[in-house]
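Below, each chain spelled out in residue letters.
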Amino acid sequence: MTRDKYVDWLRAVSLIVVVVWHWAFTILEWGPDGPSPTSPLGFTSGLWILTWLLQVLPLFFYVGGHVHLMSWNRACERGVGIGAFVWRRIRALALPALGLSAVWIGIGIVAGMAFDAPWMGRVVLLVLSPLWFLGVYLVLIALLPVALWMHQRFDVLALIWLGGAALVVDVLRFRYDVEWIGWLNMIIVWGLAHQAGFFYDRLVALPRRYDVGVLWTGLFMLIGLVYSGIYPGSMVGVPGDKWSNMAPPTFVIVALLIFQIGLVEVLRPAMERLLEKPGWARVNDTINRFALPLFLFHTTGMAIALGLAWWLFGTLGGKIPPDLTWWLERPLAIIGPLICTLPVIYLFGRRRRTRKEETSPAT
C-alpha cells in the first residue's frame, strides 16, 4: 500500500502550527498566585479571523481517524484483534505523556518545597495543559471499536447523528443554561472529527467541484454561526469573550472542520505535486519524525527559555497590551523555545532508542 504523503504532511503540520502558536502568541501575566496565560487576540481587533486557518485541531483529529482506519485494516490482514490493536496504540501515546507529566509534577513538588513557591503548581499546570487533547485522543482510541461499528453499521448517518448531538448540547447549554452538559462535546465534537476521517478516501475520490462545495459550505456555516451573535468569532479562547468555542468545543468547531476539510482537498493537487519533489519529500519526512516529540516537549522548552530570559534579563517577555516591539520579537519567541526544546527531544529520543535496543531479541 502506497503511503499518502499528503496525510503525513497534514498530520505533522497541524501539530507544528499548534506549537508555533503557543510559542509566539502566549503572553504570561505574573500575579500573586503565579503566571496566567493570555493572548494578543484579546487586544488586537480582527486578529481572531486567523484562527479559522490556524486552529487546526479539527484537522488533526480528522487525519487521525483516517490513519487509525488504515492501520486497523492492515492489522486485520495480519490477524491482530481489536483489543490488542487499541491497547498498543494507547500505550504508544500514553507512556511518553505520562512520563513527561510525572517528571514535571516531581519538579513542581521539589521546587515548591525548596524555594517556598506555592505557585509552582500553576507553572506545572501551564506546562502540561496542552496535553489535554492527547487525553481526548486516547479516549477516542479506546472508543475505536464503537466508532468502527458505527461506521460499518450506519455509514454517513453516524456523522449526522454526532453533528446533531453536538448541536443539541449547545442548545441545552446556551438556551437552557445547562452548563455542565457542554463538556459532553469534548467527546462528541472531537469524535465527529475523528469519525469523519473514516470517509477520507471517499472525499479524495470526489470530483474537484465537490471539494469547493465542501469548503464553501463550511465557510458559510462559520459566517452564519459567528455573526448570529451566539458564538465568538475566535476558534481559540480569548480573554473577555463570553465563552470559548474550544473549552468545551461548540458546534462552531463542526463548521470549522467542514471548512478545513474542503480547504485541504482544494489544495491537494498543488501540495501533492510539491511533496513529490525530493527537497520537499525530505522536509516532509523530517517534520513527521519530530512533530509529535516537538509537541510533547514544546512547553518544557518554552519554560526553560522563559526561565533563562528571567535569569539573564529579568523579564518574562510579556507585555499587555502587546506593542510594536512585542510583535517584532515574535521570531525570537519561536527561536528561543525551539533551541531549548531540541536537547530535550534528543535526550528523550536517545533513551527510547536505548530501551528498544535493550528489549530487542538477540539475532
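Residues numbered from 1 in each chain as written. Predicted model: local features only at pLDDT ≥ 70, side-chain atom pairs only at ≥ 80, totals over all residues. Heavy atoms only, no water.

The name that an unreviewed UniProt entry assigns to the chain is Acyltransferase, with the source organism given as Nonomuraea typhae.

## Quick word on the overall build of the chain
Helix and strand counts for the chain stand at 15 helices and two strands. Taken against the 2.2 N^0.38 rule, which gives 21 Å for 363 residues, the C-alpha radius of gyration of the chain at 21 Å falls within 12% of a compact globule. For the chain, the spread of C-alpha atoms along the principal axes amounts to about 65 × 60 × 45 Å. Expressed as a percentage of contacts within the chain between residues at least 6 apart in sequence, the contacts between residues at least 24 apart total 78%. Accessible area of the chain: about 19,300 Å², with a carbon and sulfur share of 68%. Looking at the chain, you have 29 positive and 21 negative side-chain charges, and the mean spots of the two groups are 7 Å apart. (Helix = DSSP H or I, 4+ residues; strand = E, 2+ residues; numbered from the N terminus. Rg over C-alpha atoms; globule rule 2.2 N^0.38 Å. Contact = heavy atoms within 4.5 Å. Areas by Shrake-Rupley, 256 points an atom, 1.4 Å probe, with all protein chains shown as cover. Lys, Arg positive; Asp, Glu negative; His and termini not counted. Charge placed at Lys NZ, Arg CZ, Asp CG, Glu CD.)

## Things to note about the pattern of salt bridges
Taken as a whole and judged by the stated rule, the model has five salt bridges. Between Arg202 and Asp155 there is a salt bridge whose closest N-O contact spans 2.5 Å. With Arg202 in helix α10 (residues 200-205) and Asp155 in the loop between α7 (144-154) and α8 (157-174), this residue pair connects regions lying 47 residues apart in the sequence. With a relative accessible area of 28%, Asp155 lands in the partly exposed category. In the salt-bridge network here, residues are joined through shared partners; they are Glu265, Arg268 and Glu272. (Salt bridge = Lys/Arg side-chain N within 4 Å of Asp/Glu carboxyl O. Buried < 20%, exposed > 50% of the residue type's maximum accessible area, 1.4 Å probe, protein only.)

## Quick notes on the packing of helix α3 (residues 57-77) against helix α12 (residues 252-275)
Each pair of packed helices can be described by the angle between their axes along with the distance between the axes. One way to put it is that α3 packs onto α12 with a least axis distance of 9 Å and a crossing angle of 70°. Here α3 lies roughly perpendicular to α12, going by the angle between them. Every pair of crossing elements has a handedness; the one defined by α3 and α12 is right-handed. On the side of α3, the interface is formed by Pro58, Leu59 and Tyr62, while α12 contributes Ile253, Leu256, Leu257, Gln260, Ile261, Val264 and Glu265. Taken together, the residues that form the contact of α3 with α12 break down as eight nonpolar, one polar and one charged. (Axes fitted to C-alpha atoms, helices over the stretch in contact; angles between N-to-C directions. Parallel < 35°, antiparallel > 145°, perpendicular 65-115°, else oblique. Left-handed = near helix turned anticlockwise from the far one by under 90°. Nonpolar A, V, L, I, M, F, W, Y, C, P; charged D, E, K, R; others polar.)

## A word on the packing of aromatic side chains
Counted according to the given criterion, the structure contains 21 aromatic pairs. Both rings, one in Phe60 and one in Phe133, keep their centres 5.1 Å apart while their planes meet at 85°; by these two values the pair is edge-to-face. With Phe60 in helix α3 and Phe133 in helix α6 (residues 132-142), this residue pair connects regions lying 73 residues apart in the sequence. Like Phe133, Phe60 is buried. On the basis of an interplanar angle of 35° and a centroid distance of 5.4 Å, the ring pair of Trp216 and Phe220 is categorised as tilted. Within this pair, Trp216 and its partner Phe220 are both found in helix α11 (residues 208-226), separated by four residues, close to a single helical turn. The ring of Tyr176 carries the charged tip of Arg175 above its face, separated from the ring centre by 5.2 Å. A cation over a ring is seen here: Arg330 above Trp326, with NZ or CZ 3.7 Å from the ring centre. (Phe/Tyr/Trp six-rings, centres within 6.5 Å; stacked < 30°, edge-to-face > 60°. Lys NZ or Arg CZ within 6 Å of the ring centre and 35° of its normal.)

## Focus on the side chain of Arg268
Assignment of secondary structure puts Arg268 in helix α12. By relative accessible area, which is 6% here, Arg268 ends up buried. When near neighbours in sequence (up to four residues on either side) are disregarded, Arg268 contacts Asp4, Tyr6, Tyr200 and Val204.

## Structural notes on the environment of Ser244
Here Ser244 shows up in the loop between α11 and α12. Sequence separation between Ser244 and Gly46 is 198 residues; the distance between their C-alpha atoms is 16 Å. Non-local contacts of Ser244, meaning those with residues more than four positions away in its chain, are made with Arg173, Val236, Gly237 and Thr250. Here the side chain of Ser244 touches Met246 through a polar contact of 2.9 Å, landing on its backbone nitrogen. In this structure the side chain of Ser244 is engaged in a polar contact, spanning 3.3 Å, whose partner is the backbone nitrogen of Ala247. (Polar contact = N/O pair within 3.5 Å; in protein donor to acceptor, adjacent residues only side chain to side chain.)

## As for the pairing of strand β2 (residues 34-38)
Of the pairings in the sheet, the one linking strand β1 (residues 27-31) to β2 comprises five bridges and is antiparallel in character. Among the inter-strand pairings, Trp30 is bridged to a residue of β2, identified as Pro35. The turn linking β1 back onto β2 is made up of two residues. (Pairing = 2+ DSSP bridges.)

## Some details on a positive patch on the surface
Positive charge collects at one region of the surface, where Arg74, Arg78, Arg88 and Arg91 lie side by side. Structurally, Arg74 can be placed in helix α3. (Patch = residues over 30% accessible without salt bridge, like charges linked within 9 Å, V, L, I, M, F, W, Y side chains within 5 Å.)

## Brief notes about the nonpolar core
Tyr62 and Trp190 are the most contacted members of the largest nonpolar core, which has 96 residues in total. Looking at this core element by element, the count peaks at twelve residues for α12. Of all hydrophobic cores here, the second largest spans five residues; its members include Trp21, Leu41, Leu47 and Val236. (Core = buried A, V, L, I, M, F, W, Y, C linked by side-chain atoms within 4.5 Å.)

## A short note on helix α9 (residues 185-196)
In this model α9 runs 15 Å from its N-terminal to its C-terminal C-alpha over twelve residues, within 8% of the 16 Å that 1.5 Å per residue would give. Turning to α9, its buried residues number three or more, namely Asn185, Met186, Ile188, Val189, Trp190, Gly191, Leu192, Ala193, His194, Gln195 and Ala196. Against α3, α6, α7, α8, α10 and α12 lie the buried residues of α9. (Expected span 1.5 Å × (residues − 1).)

## A short note on the side chain of Asn245
Looking at the element boundaries, Asn245 is found in the loop between α11 and α12. Overall, the relative accessible area of 0% leaves Asn245 in the buried class. A polar side-chain atom of Asn245 sits 2.8 Å from the main-chain carbonyl oxygen of Pro232. One polar contact links Asn245 to Thr250, side chain to side chain, over a distance of 2.9 Å.

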